[in-house]
Amino acid sequence: MAACPRGCTPAVRLCQRLNRLKTLDDDMMATSLKRCLSTLDLTLMGVGGMVGSGLYVLTGTVAKDMVGPAVILSFLFAGFASLLAAFCYAEFGARIPKTGSAYMFTYVSVGEIWAFLIGWNVILENMIGGAAVARAWSGYLDSIFNHAIQNFTETHVMQWNVPFLAHYPDILAAGILVVASFFISFGVQVSSYLNHIFSTISMGVIVFILVFGFMLAEPANWSQKEGGFAPFGLSGILAGSATCFYAFVGFDVIASSSEEAKNPQKAVPIATAISLGLAATAYVLVSTVLTLMVPWHTLDPNSALADAFFRRGYSWAGVIVAVGSICAMNTVLLCNLFSLPRIVYAMAEDGLFFSFFSRVNPVTKVPVNAILVFGILMATMSLIFDLEALVQFLSIGTLLAYTFVAASVIVLRFQPEKTSDKGTASTSPNPNAEPSPAPSESQNITEDSGELKQYESFSDKLQLVERQKTAERRGVGQLRAFWEPYLGRLLGDCEPGEVVAFCVLTLIVSSVSLCAVVEFGQKQLQLPLWSFTTLLVIFSLAFVASLALIWIHEPQANSKTFQVPLVPLIPGASILINVFLMMKLSPLTWIRFTVWIAVGLFVYFGYGIWHSKEGLRELQPKDMAARYVVLPSGSLVETVQSVQPEGQMDSAPHMNPSDNSAAEEYTGNR
């Protein structure tokens, strides 16, 4: 900032405030919440978040309208795409066992305002998702009683005809959300027990569907007479994969629960892998059974499984399926009501959201204020909004969160370890790090060239000055030694991790450009073939070149916790898939997303930026530290210098007159 011309300093300061990173304590296992969740608890939460109403509704809808029996392949492709995102969440959940999920991961590696916007959108996604599932739960239960609840409400309570609103207030949906919020406020163990019960019943019903369904299977339903296995071709399979992708979005509840896990370093990756594998297996096998029991083109999209058993003459089996469907929806409701308040709590704890939501009940060890307030808001949405209007809001926030988490994995993998001046916090997390020894007269600072070095004594300094001249080691975020002779002049002067951060930005921009050309190039934009091909080649090369430039840098070698394999390839592929799916969303969804972002920016600049704990930490009085400075001549001078927050310019060192003579004497001796 000192070299910045007059007039730009406020802008630079604002940019620094918007992009400041969260400082994590060394002991990341410390928490005001209760660590009591086992690997089994997290696994069942993940299964409950993914295997919900989609299993009973989505399978029939996609099979009949989009894919046919090849819905099996659609679920396999969607499961693989979700696995890429789940890898990224598992690494962060193990390295940063803090609640907040995508918000926390983005705050640690990308910046404050981006983290706030991700958290702001995830809040909306969870509210809409919970309200939509409650409406579906109410409608499914009402259909069992021949819509008696709806008829009574319209006749004796009220009804209205307003766009985007339901025809009648869904009191049943609002009631189940209020009751669920009440139970969740009793503590994480109560939530876990309820999820165990409903998940066990749901999985038992799924096993019943598979066993009895395969007994009724007729391979002729996949024959050419009925349209064949893939009547809509490859395009139908890919379109179905984009829809089936949203069946797996519930796995992030595992990362949200990492602050309440007993051993998150092991439990989070294991639970993520097992739950995603179980969910994918359930979707694939149930889709197989469904399309083998009855011809795919005769399926009932609203209740495909129950209707299939009814048409085969086993109406009693439809009752069992209905029970399983209600239990599965209960697990999704619990997962939404479980993860949403914890994201709100994490944002409030960091000062970016109202502090009222950061209060934790001393008995139950849960953020009761956030649970009750947002549970009531979710119930209000389910009371008045139509299910279709709610579903149209979904998806974009989740896909954006997946994109930022994948980018954060790359940034953090190639980011050098940064410790705070007092040695009490870190922006590069390592939950298993050994505690640093207590400093004696002064503390050691990383031996990066060009910085002031700090040592405990003159003897240490004399040894390390000579060692510094000979010990040249490639640090994290720097070019690999093999590429140094070829690209050292071009990239060697950049700060560690700087080139990687720029490449990640290029990766996202090239992904957006490439997907926009593929999706809109020939239809909406009507580009000529040569222009379409040229743009595809340019943006594809930019994407591949960004991955290559990231790969030639040194990553962190941390094997204590789970790490995403094949970085940056897997996170890069996840970014590309998420951006492609976002391009397929309707324009109305993007308009609503823009409005919600504008509201979020108003909240951030009106409250969050002024109450951010990272901002308040920067305003704290600066400490003083004594350092030995190596002059160009090789001599030593002791200086007294204020220790400033990272990212700010250090003030000019002040010479200590009483020690200056000692330094000069030492210089003369040399």
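Before reading further, recall that the structure is shown in the block above.
Residues numbered from 1 in each chain as written. Predicted model: local features only at pLDDT ≥ 70, side-chain atom pairs only at ≥ 80, totals over all residues. Heavy atoms only, no water.

(A) Focus on the overall build of the chain. On a plain count of helices and strands, the chain comes out with 25 helices and five strands. Counting only residues that meet the buried cut, the chain has 51% of its 670 residues in that class. Within the chain, contacts between residues separated by at least 24 positions form 78% of all contacts whose residues are at least 6 apart in sequence. As displayed, the chain offers around 30400 Å² of accessible surface, 65% of which is attributable to carbon and sulfur atoms. (Helix = DSSP H or I, 4+ residues; strand = E, 2+ residues; numbered from the N terminus. Buried < 20%, exposed > 50% of the residue type's maximum accessible area, 1.4 Å probe, protein only. Contact = heavy atoms within 4.5 Å. Areas by Shrake-Rupley, 256 points an atom, 1.4 Å probe, with all protein chains shown as cover.)

(B) Spatial organisation of the packing of helix α4 (residues 71-95) against helix α17 (residues 396-413). With their axes 9 Å apart at the nearest point, α4 and α17 run at an angle of 55 degrees to one another. One finds that α4 runs oblique with respect to α17. Remark: the crossing between α4 and α17 carries left-handed chirality. Contact with α4, carried on its side by Ala85, Cys88, Tyr89, Glu91, Phe92 and Arg95, involves Ala401, Tyr402, Val405, Ala406, Ser408, Val409, Leu412 and Arg413 of α17 and no other residues of that element. Per-class residue counts for the contact of α4 with α17 are 10 nonpolar, one polar and three charged. (Axes fitted to C-alpha atoms, helices over the stretch in contact; angles between N-to-C directions. Parallel < 35°, antiparallel > 145°, perpendicular 65-115°, else oblique. Left-handed = near helix turned anticlockwise from the far one by under 90°. Nonpolar A, V, L, I, M, F, W, Y, C, P; charged D, E, K, R; others polar.)

(C) Spatial organisation of helix α8 (residues 171-184). Compared with the 20 Å implied by 1.5 Å per residue over 14 residues, the 20 Å span of α8 between its first and last C-alpha is a close match. Its buried side turned inward, α8 meets α6 (112-144), α9 (188-215), α14 (315-349) and α15 (368-384). (Expected span 1.5 Å × (residues − 1).)

(D) Just a nonpolar patch on the surface, in detail. A grouping of Leu73, Leu76, Phe77, Leu234 and Leu238 is seen on the molecular surface, where their side chains present a nonpolar patch of about 460 Å² in accessible area. Taken together, the elements giving at least two residues each to the nonpolar patch come down to α4 and α10 (233-244). Broken down by element, the nonpolar patch gets its largest block of residues, three residues, from α4. One can find Leu238 in helix α10. For Leu238, a relative accessible area of 49% gives the class partly exposed. (Patch = residues over 30% accessible without salt bridge, like charges linked within 9 Å, V, L, I, M, F, W, Y side chains within 5 Å. Salt bridge = Lys/Arg side-chain N within 4 Å of Asp/Glu carboxyl O.)

(E) Spatial organisation of empty space enclosed by the protein. Under the definition given, this model contains one cavity of 30 Å³ or more. In this model, the largest cavity occupies a volume close to 40 Å³. In this structure, the largest cavity is lined by Met45, Ile184, Ser191, Asn195, Leu334, Cys335 and Phe338. Only α9 and α14 provide two or more residues apiece to the lining of the largest cavity. Here the lining of the largest cavity takes three residues from α14, the largest share from any one element. Here the lining of the largest cavity is built from residues that sort into five nonpolar, two polar and no charged. (1 Å grid on protein atoms, 1.4 Å probe; cavity = no way out; pocket = protein on both sides within 12 Å on 5 of 7 lines; lining within 4 Å. Points joined across faces, edges and corners; volume = space filled by probe spheres on them.)

(F) How the structure looks around the packing of α9 against α14. Between α9 and α14, the least distance of the axes is 8 Å, while the angle of their chain directions is 145 degrees. Seen along the crossing, α9 lies across α14 with a hand that is left-handed. Classifying every residue of the contact of α9 with α14 gives 18 nonpolar, seven polar and one charged.

(G) Region of interest: the packing of aromatic side chains. If you walk through the whole model with that rule in mind, you get 38 aromatic pairs. The interplanar angle of 25 degrees and the centroid separation of 6.0 Å between the aromatic rings of Phe87 and Phe562 together place this pair among those described as stacked. Separated by 475 residues along the polypeptide, Phe87 in helix α4 and Phe562 in the loop between α21 (529-551) and α22 (569-583) bring together distant segments of the chain. Judged by its relative accessible area of 22%, Phe87 falls in the partly exposed class. Aromatic pair Phe116 and Tyr604: ring centres 5.3 Å apart, planes at 45 degrees, arrangement tilted. Of the two residues, Phe116 is situated in helix α6 and Tyr604 in helix α23 (residues 587-611); the sequence distance between them amounts to 488 residues. There is no split in this pair, since Phe116 and Tyr604 are both buried. Joined through ring pairs, the aromatic side chains of Phe116, Trp120, Phe353, Phe354, Phe356, Phe357, Phe374, Trp596, Tyr604, Phe605 and Tyr607 make up one cluster. (Phe/Tyr/Trp six-rings, centres within 6.5 Å; stacked < 30°, edge-to-face > 60°.)

(H) Region of interest: the pattern of salt bridges. Under the criterion given, the structure shown has 11 salt bridges. Notably, a salt bridge pairs Arg20 with Glu112, separated by 2.9 Å at the nearest N-O pair. Remark: Glu112 occurs in helix α6 and Arg20 occurs in the loop between α1 (9-18) and β1 (24-25); sequence separation between them is 92 residues. Taking the relative accessible area as the measure of exposure, Arg20 reaches 7% and is therefore buried. Exposure remark for Glu112: the relative accessible area of 0% places this residue in the buried category. As a salt-bridge pair, Asp170 and Arg135 come within 3.6 Å of each other at their nearest N and O atoms. Of this pair, Asp170 sits in the loop between α7 (148-156) and α8 while Arg135 sits in helix α6, and the two are 35 residues apart along the sequence.

(I) Seen up close, helix α5 (residues 102-109). Taking burial as the measure, the eight residues of α5 include eight buried ones, the bulk of the element. Of the positions making up α5, those classed as buried are Ala102, Tyr103, Met104, Phe105, Thr106, Tyr107, Val108 and Ser109.

(J) Quick look at the nonpolar core. Among the nonpolar cores identified, the biggest contains 151 residues, and Tyr56, Tyr89, Phe248 and Phe353 are the most heavily contacted of them. If you tally residues by element for this core, the top one is α6, at 17 residues. Judged by nonpolar contacts, the second largest core, of 13 residues, contains Leu37, Leu42, Ala261 and Val268. (Core = buried A, V, L, I, M, F, W, Y, C linked by side-chain atoms within 4.5 Å.)

(K) Just unusual backbone geometry, in detail. The omega torsion of the bond from Val567 to Pro568 falls at 10 degrees, within 30 degrees of zero and hence cis. Structurally, Pro568 can be placed in the loop between α21 and α22. The backbone of Ser101 sits at a positive phi, close to 55 degrees, despite the residue not being glycine. Here Ser101 is to be found in the loop between α4 and α5. The backbone phi angle of Lys365 is positive, close to 60 degrees, even though this residue is not glycine.

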